[in-house]
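Spelled out, the chains give:
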Number of protein chains: 2
Amino acid sequence: MHPSNSTIRDLLTHYREIALLAKVKALIDWDMNVNLPPKAAEGRARQTAHLSELITRLWLDAKFRKNLEKASELKDLSFEEKAIVRNLTIGGKYYFSVPKELIVEKDKVSGEAFMAWKEAKEKNDFSIFLPFFKELLRLDQVIAGHLRYKDHVYDALLDMFEPELTVKKAKTAFAAIKPELVQLVAHIKQAKEYTSTSNLVDGSVIYPKAQQDLLNRALMEKMGFDFQAGRIDVSPHPFTTTLDHFDIRVTTMHDERDFRTSYTATMHETGHALYEQGGSVDYVDTPLEGGVSYGIHEALSRFWENMVGRSPAFLSHMTPVFKEFYPEQLSSLTIKEAARLVNLVKPSLIRIEADEVTYSLHIILRFEIEQELFEGKIQPEDAPEVWRAKSQEYFGIVPEKDSEGVLQDVHWSYGAFGYFPSYALGNLYGAQLLHSLKKEIKFDTELEKGNLLPIKGWLDENVHRFGSLYMPDELIKKATGEKLNPQYFIDYLKDKYTHLYEL
Amino acid sequence: MHPSNSTIRDLLTHYREIALLAKVKALIDWDMNVNLPPKAAEGRARQTAHLSELITRLWLDAKFRKNLEKASELKDLSFEEKAIVRNLTIGGKYYFSVPKELIVEKDKVSGEAFMAWKEAKEKNDFSIFLPFFKELLRLDQVIAGHLRYKDHVYDALLDMFEPELTVKKAKTAFAAIKPELVQLVAHIKQAKEYTSTSNLVDGSVIYPKAQQDLLNRALMEKMGFDFQAGRIDVSPHPFTTTLDHFDIRVTTMHDERDFRTSYTATMHETGHALYEQGGSVDYVDTPLEGGVSYGIHEALSRFWENMVGRSPAFLSHMTPVFKEFYPEQLSSLTIKEAARLVNLVKPSLIRIEADEVTYSLHIILRFEIEQELFEGKIQPEDAPEVWRAKSQEYFGIVPEKDSEGVLQDVHWSYGAFGYFPSYALGNLYGAQLLHSLKKEIKFDTELEKGNLLPIKGWLDENVHRFGSLYMPDELIKKATGEKLNPQYFIDYLKDKYTHLYEL
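Residues numbered from 1 in each chain as written. Chains lettered and ligands numbered in written order. Predicted model: local features only at pLDDT ≥ 70, side-chain atom pairs only at ≥ 80, totals over all residues. Heavy atoms only, no water.

Help me out: how do you make sense of the overall build of chain A in this one?
Scanning chain A from N- to C-terminus turns up 20 helices and three strands. At 23 Å, chain A has a C-alpha radius of gyration in line with the 23 Å of a compact globule built from 503 residues. Taken over the C-alpha atoms alone, chain A extends approximately 65 × 50 × 50 Å along its principal axes. With 503 residues in all, chain A has 59% of them scored as buried. (Helix = DSSP H or I, 4+ residues; strand = E, 2+ residues; numbered from the N terminus. Rg over C-alpha atoms; globule rule 2.2 N^0.38 Å. Buried < 20%, exposed > 50% of the residue type's maximum accessible area, 1.4 Å probe, protein only.)

Right, here's the structure in full:
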């Protein structure tokens with residue numbers, strides 16, 4: 001990029017250093033998850049901390065901040081130049097607004113809280129975590145004050161993970177889907193297919209890792225992942241990271257007793273990867289590079305995982321492919337059984353094991369509790385009880401242990417309040433994109449043939465290539481012609497599961 | 001480390017940043033060789049260049065240089081504190097002495113020269129490389145002037161790769177071994193075993209990579225490599241790198257048609273790795289961390305590769321192990337044949353394919369030519385002819401093409417004059433260490449049993465743990481009781497090959 005405005009050029013030159021170091025840090029983190037020898041963790045942490053320190057210094061550079069302030073008041077900027085200024089303002093907000101001592105204090109408390117959370121979860125004793133939970137909530141109240149907000153203190157936190165997201169916006173979206181989801185779950189639980197089991201995934205059949213790897217690569221090739229500009233590896237928790245525009249790395253996991261785990265994880269992560277690979281080359285090392293938000297990223301990963309990977313149409317194409325890679329294991333698999341197996345809806349206590357229908361309810365539960373905590377409507381000590389009550393209401397089941405309830409997720413242990421809602425927003429964005437895509441592409445027909453490239457092409461054209469040029473709301477408007485509309489998600493689910501479960 | 005002197009403490013605090021960034025850069029380089037997707041090279045180069053720039057800035061920091069000058073004049077420093085000051089002076093010498101424009105110019109010419117060298121080698125036409133060769137030699141003359149030297153301009157370059165190495169010292173050492181090596185080669189060429197071949201390594205037998213990997217790991221376990229604090233991977237050119245004290249990474253290569261390639265490469269690299277793993281934990285992120293020089297590092301890697309890995313005693317232990325990993329391929333292998341196969345001496349034109357006996361002659365040839373070039377005794381355009389003459393004299397063969405002669409190595413293409421001699425010094429240091437070690441350990445008896453840990457233990461105690469505390473000469477004196485004595489190397493080779501080839 002060669003902006004005509006010299007202040008913007010100076011900003012880009014300075015930001016380039018931040019981008020380069022952030023990418024180096026991404027490699028360090030990738031390697032930590034994929035390759036690190038056990039004894040190396042402490043040393044690696046020193047290196048990571050130092051890079052974070054260097055990146056912080058760059059954000060706080062006085063001349064850079066002055067230039068950014070100057071740029072914010074410039075008229076006659078191009079659309080791209082305005083987006084650069086906006087993204088730098090968003091990217092630097094935390095560094096600019098929150099006093100460094102407070103950042104250090106939160107880091108310190110988070111470290112201790114994480115240890116307490118681990119112990120609390122192991123011993124199933126919320127009281128061990130409670131004092132740290134209280135302190136983290138208190139700190140985030142103060143941090144939110146520094147970050148500023150208009151209506152709700154919680155808005156300041158939501159905005160850190162999903163720019164421009166507010167309590168009001170999330171509440172409206174979630175209010176539209178919650179009753180529908182609760183009702184759909186209740187219906188599904190009455191269906192015959194809901195309870196039947198399968199010996200293919202009961203642990204008696206083994207799917208060797210080497211075969212899973214081969215299938216994953218074949219799947220990614222179908223999706224249009226460019227292996228000349230990326231790789232796939234294995235890590236305990238699957239993730240995707242950008243080491244540079246032409247170096248996008250996916251990790252997946254294996255369960256040798258269940259072929260579905262690696263299949264869905266790989267499609268999910270490759271969805272993230274295609275977003276990054278599809279970005280404009282012009283944006284490399286600028287504030288416009290990479291996906292715009294957690295919400296849009298989850299929209300794309302869940303799109304590929306659920307709307308493609310779990311669709312009966314694509315599974316009709318994949319069933320013979322599964323059999324090709326697992327000829328003995330899956331000799332009896334039918335298309336219908338494949339569709340049922342990867343779409344089993346089962347209200348469960350644990351979010352990360354949740355299916356497509358109940359997943360959003362897990363998120364809404366957390367969103368509501370976070371919001372009420374920050375508004376003081378409930379107290380931290382009440383969280384376990386509120387969790388149980390909502391669990392009964394949404395899933396019809398109640399966790400017997402807090403380790404399967406309020407203590408299950410790692411996020412609160414390091415004070416990541418405001419993170420969860422972006423996950424559920426992703427589902428809504430995804431269904432809306434699907435609706436638009438279907439107007440131009442014979443979706444099911446292509447999926448039945450295994451042709452994923454037209455779908456990737458549509459996403460490249462309407463989403464991927466823009467990187468962070470548009471804010472999430474603008475992007476969705478541009479790609480689908482209207483603002484976020486949760487009804488598409490409900491329609492999608494109802495249509496799919498009415499057929500699948502013959503409701 | 002907690003030095004009592006406050007200037008030293010300040011130096012260590014500043015150097016810690018250099019060390020951390022250098023380790024991050026080591027990870028980037030490792031990943032580049034092991035994992036990089038094809039299209040990612042250009043982007044990765046930007047990141048590497050930026051880290052180099054940050055490291056250069058740290059070396060040139062004014063306050064740091066002032067502190068270092070102050071520290072150089074301090075009395076009453078401890079031995080360790082003196083070593084810190086010395087190593088910082090050595091480490092910073094290039095940055096402090098050579099004007100930045102000259103560094104940039106050499107980088108630029110090196111890049112162009114490398115491309116010209118590639119073309120020249122491909123087309124077997126030295127004239128394409130000659131103008132760049134001349135310019136690189138000229139630049140290094142100027143650089144040497146900035147670095148300062150006492151007797152020979154070439155001393156300044158030798159010293160960059162092997163601290164305190166001089167023309168005088170290298171000449172004395174090489175003069176002692178050259179005639180003996182030439183004579184030994186001539187003798188071996190008359191032996192019966194010299195010409196006989198084997199179907200085991202003629203390309204007709206396949207040694208699968210997966211089995212090579214298992215054998216390599218077993219071998220490294222025997223050597224005492226700590227897999228909790230390191231790993232082994234595969235790259236086109238084997239190397240070893242330190243990402244941190246507890247993260248030492250070895251790479252090896254496979255030749256599926258020759259089981260010896262991976263065996264010797266793995267032992268060589270693990271020799272480097274044990275030096276780094278064996279360093280004192282107190283030295284982490286200080287100027288005392290890591291091996292002291294290329295020469296000592298090569299001493300250890302060649303010690304394990306040749307004096308252990310190629311010794312008839314260890315091969316008597318390894319023969320049944322080879323057969324265990326390659327049961328069908330090596331069913332007919334005898335101990336005697338194993339010893340012959342990994343010790344075939346064959347004067348060849350190519351250094352990197354050279355055996356233990358001729359290897360040092362390849363280095364001496366290069367050392368002599370470099371020295372004469374810098375002393376003006378020969379001109380750059382004469383190098384091919386001088387190469388051919390020396391080749392005839394040392395090996396009894398003459399390269400027909402310059403691509404197998406003066407153009408064979410990559411080093412000169414980027415102006416790394418002074419690098420080669422450290423390779424040959426390693427052989428001499430290694431044999432001297434072996435001589436001392438044998439006084440305390442029943443070397444052959446342990447090797448026959450496959451007990452490598454006592455040998456590693458001796459090296460830990462006498463070499464590894466000191467990191468960069470002692471200069472190479474001091475270290476050898478401390479470990480063996482005398483200064484460098486090339487006779488041990490000659491004795492070792494004569495003894496070994498007289499038996500092997502029944503000379």
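Moving on from the coordinates now.
Explain helix α9 (residues 209–223) of chain A here, please?
All names here are of chain A. For α9, built from 15 residues, the straight-helix expectation of 21 Å at 1.5 Å per residue is met to within 8% by its first-to-last C-alpha distance of 21 Å. Among the residues of α9, those classed as buried are Gln212, Leu215, Asn216, Leu219, Met220 and Met223. Within α9, the buried residues cover an arc of 135° as seen down the axis, which keeps them to one side. Those residues of α9 hidden inside the fold are in contact with β1 (230–234), β3 (247–252), α10 (259–277), α11 (294–308), α12 (312–325) and α18 (453–462). (Expected span 1.5 Å × (residues − 1). Arc of directions from axis to C-beta. Contact = heavy atoms within 4.5 Å.)

Would you explain the sheet that holds β3 of chain A in this entry?
Strands in a sheet are paired, the pairing made by backbone hydrogen bonds, and the direction either parallel or antiparallel. Residue and element names in this part refer to chain A. Spatially, three strands are ordered β1-β3-β2 in an open sheet, and the strand pairing comes out mixed. What marks the edges here is a single partner per strand, and that holds for β1 and β2 (240–244). Across this sheet, the average inter-strand angle for adjacent strands is 25°, counted without regard to direction. Together, β1, β2 and β3 form the strand contacts of helix α1 (residues 6–34), whose direction differs from that of β2 by roughly 135°. (Pairing = 2+ DSSP bridges. Axes fitted to C-alpha atoms, helices over the stretch in contact; angles between N-to-C directions.)

What am I meant to see in the sheet that holds strand β3 (residues 247–252) of chain B here?
Strand order across the open sheet formed by three strands is β1-β3-β2 (chain B), with mixed pairing between neighbours. Looking along the sheet, the strands with just one partner apiece sit at the ends: β1 (230–234) and β2 (240–244) of chain B. Taking the axes of each pair of neighbouring strands and ignoring which way they run, one obtains an average angle of 25° across the sheet. Pairing geometry for β2 of chain B and β3 of chain B, over four bridges, is antiparallel. Across the sheet, Thr240 of chain B pairs through a bridge with Val250 of chain B, a residue of β3 of chain B. Helix α2 (residues 41–59) of chain A rests against β2 and β3 of chain B of the sheet, and its axis sits at about 75° to β2 of chain B. This element, helix α1 (residues 6–34) of chain B, spans β1, β2 and β3 of chain B of the sheet and lies at about 135° to β2 of chain B.

Is there a simple way to explain the side chain of Lys390 of chain A in this structure?
All names here are of chain A. When you line up the elements, Lys390 lands in helix α15 (residues 383–395). A polar side-chain atom of Lys390 sits 2.8 Å from a polar atom in the side chain of Glu368. When residues no more than four places from it in sequence are discounted, the contact partners of Lys390 are Leu365, Glu368, Ile369 and Glu372. (Polar contact = N/O pair within 3.5 Å; in protein donor to acceptor, adjacent residues only side chain to side chain.)

Any chance you could explain the interface of chain A and chain B here in plain terms?
A common way to express how large an interface is: the accessible area buried when the components associate. In this assembly, 38 residues from chain A lie in contact with 38 residues from chain B. Roughly 3000 Å² of surface becomes buried between chain A and chain B when both sides are summed, with 55% attributable to carbon and sulfur atoms. Considering only the side of chain A, the residues that lose the most area to chain B are Lys39, Arg46 and Gln47 of chain A, jointly responsible for 19% of the buried surface there. Seen at the junction of chain A and chain B, the total is 12 salt bridges. Linking chain A with chain B are 18 residue pairs in polar contact (both at pLDDT 80 or more). Looking at the side of chain A that touches chain B, the elements that each hand over two or more residues are α1, α2, β1, β2 and β3 of chain A. Examining the composition of the side of chain A that touches chain B, we find that 11 residues originate from one element, α1 of chain A, more than from any other. (Buried area = accessible area lost by both parts, 1.4 Å probe. Salt bridge = Lys/Arg side-chain N within 4 Å of Asp/Glu carboxyl O.)

Would you mind going over the relation of the copies chain A and chain B with me for this structure?
Applying a rotation about an axis and a shift along it to one chain copy brings it onto the other copy. Note on the identical chains: chain A maps onto chain B by a rotation of 180° and an axial translation of 0.1 Å, with an RMSD of 0.1 Å. As the rotation angle and translation indicate, the two copies are arranged about a two-fold axis. Take the interface residues of chain A: 100% of them recur as interface residues in chain B, which is what a same-surface contact looks like. (Least-squares fit on C-alpha atoms with pLDDT ≥ 70 in both.)

Sorry if this is basic, but what is going on with the packing of helix α11 (residues 294–308) of chain B against helix α18 (residues 453–462) of chain B here?
Residues and elements named next belong to chain B. Two elements in contact, α11 and α18, have axes whose closest approach is 13 Å; the angle formed by their N-to-C orientations is 170°. Classified by the angle between their axes, α11 and α18 sit roughly antiparallel to one another. Taken together, the residues of α18 that come into contact with α11 (itself represented by Leu300, Phe303 and Trp304) are Ile455, Lys456 and Leu459. Classifying every residue of the contact of α11 with α18 gives five nonpolar, no polar and one charged. (Parallel < 35°, antiparallel > 145°, perpendicular 65-115°, else oblique. Nonpolar A, V, L, I, M, F, W, Y, C, P; charged D, E, K, R; others polar.)

Even after reading the chapter, I still don't get the nonpolar core, so can you show me in this structure?
Note that soluble globular proteins tend to have their nonpolar side chains buried in a common cluster. Core analysis: the biggest nonpolar cluster contains 326 residues, and Phe133, Phe303 and Trp304 of chain A together with Phe133, Phe303 and Trp304 of chain B have the highest contact counts within it. Residues contacting Phe303 of chain A, with those up to four places away along its chain left out, are Glu298, Val308, Gly430, Leu434, Leu437, Phe443, Ile455 and Leu459 of chain A. (Core = buried A, V, L, I, M, F, W, Y, C linked by side-chain atoms within 4.5 Å.)

What's the story with the packing of α11 of chain A against helix α16 (residues 421–440) of chain A in this structure? I'm lost.
Packed helices, taken two at a time, are described by the angle between their axes plus the distance between the axes. Residue and element names in this part refer to chain A. With their axes 7 Å apart at the nearest point, α11 and α16 run at an angle of 60° to one another. It follows from the interaxial angle that α11 and α16 lie oblique. When you trace α11 past α16, the crossing you get is right-handed. Contacts between α11 and α16 pair Tyr294, Gly295, Ile296, Glu298, Ala299, Leu300, Arg302, Phe303 and Met307 from the former with Ser422, Tyr423, Gly426, Asn427, Tyr429, Gly430, Ala431, Leu433, Leu434 and Leu437 from the latter. Class assignment of the residues belonging to the contact of α11 with α16 gives a composition of 12 nonpolar, five polar and two charged. (Left-handed = near helix turned anticlockwise from the far one by under 90°.)

Could you clarify how one ought to interpret the pairing of β3 of chain A in this entry?
All names here are of chain A. Of all six residues making up β3, six are buried, and the element is well covered by its neighbours. Here β3 shows no split at all, with Asp247, Arg249 and Thr251 on one side and Ile248, Val250 and Thr252 on the other all buried. Between β2 and the antiparallel strand that follows it, β3, lie two residues.

Just checking my understanding: could you explain the side chain of Lys23 of chain B for this structure?
Along the chain, Lys23 of chain B falls in helix α1. What makes Lys23 of chain B buried here is its relative accessible area of 6%. Those residues within four positions of Lys23 of chain B in sequence are excluded, and the remaining contacts are Arg46 and Gln47 of chain A together with Thr242, Leu243, Asp244, His245, Val284, Asp285 and Glu289 of chain B.

Mind showing me how you'd approach unusual backbone geometry here?
Backbone geometry follows two general trends: most residues other than glycine have a negative phi, and most peptide bonds adopt the trans configuration. Located in the positive-phi region is Asp285 of chain A, a residue other than glycine, with phi close to 65°. By secondary structure assignment, the location of Asp285 of chain A is in the loop between α10 and α11. With a phi close to 75°, Glu164 of chain B is a non-glycine residue in the positive phi region. Mapped onto the fold, Glu164 of chain B is located in the loop between α7 (153–161) and α8 (167–188).

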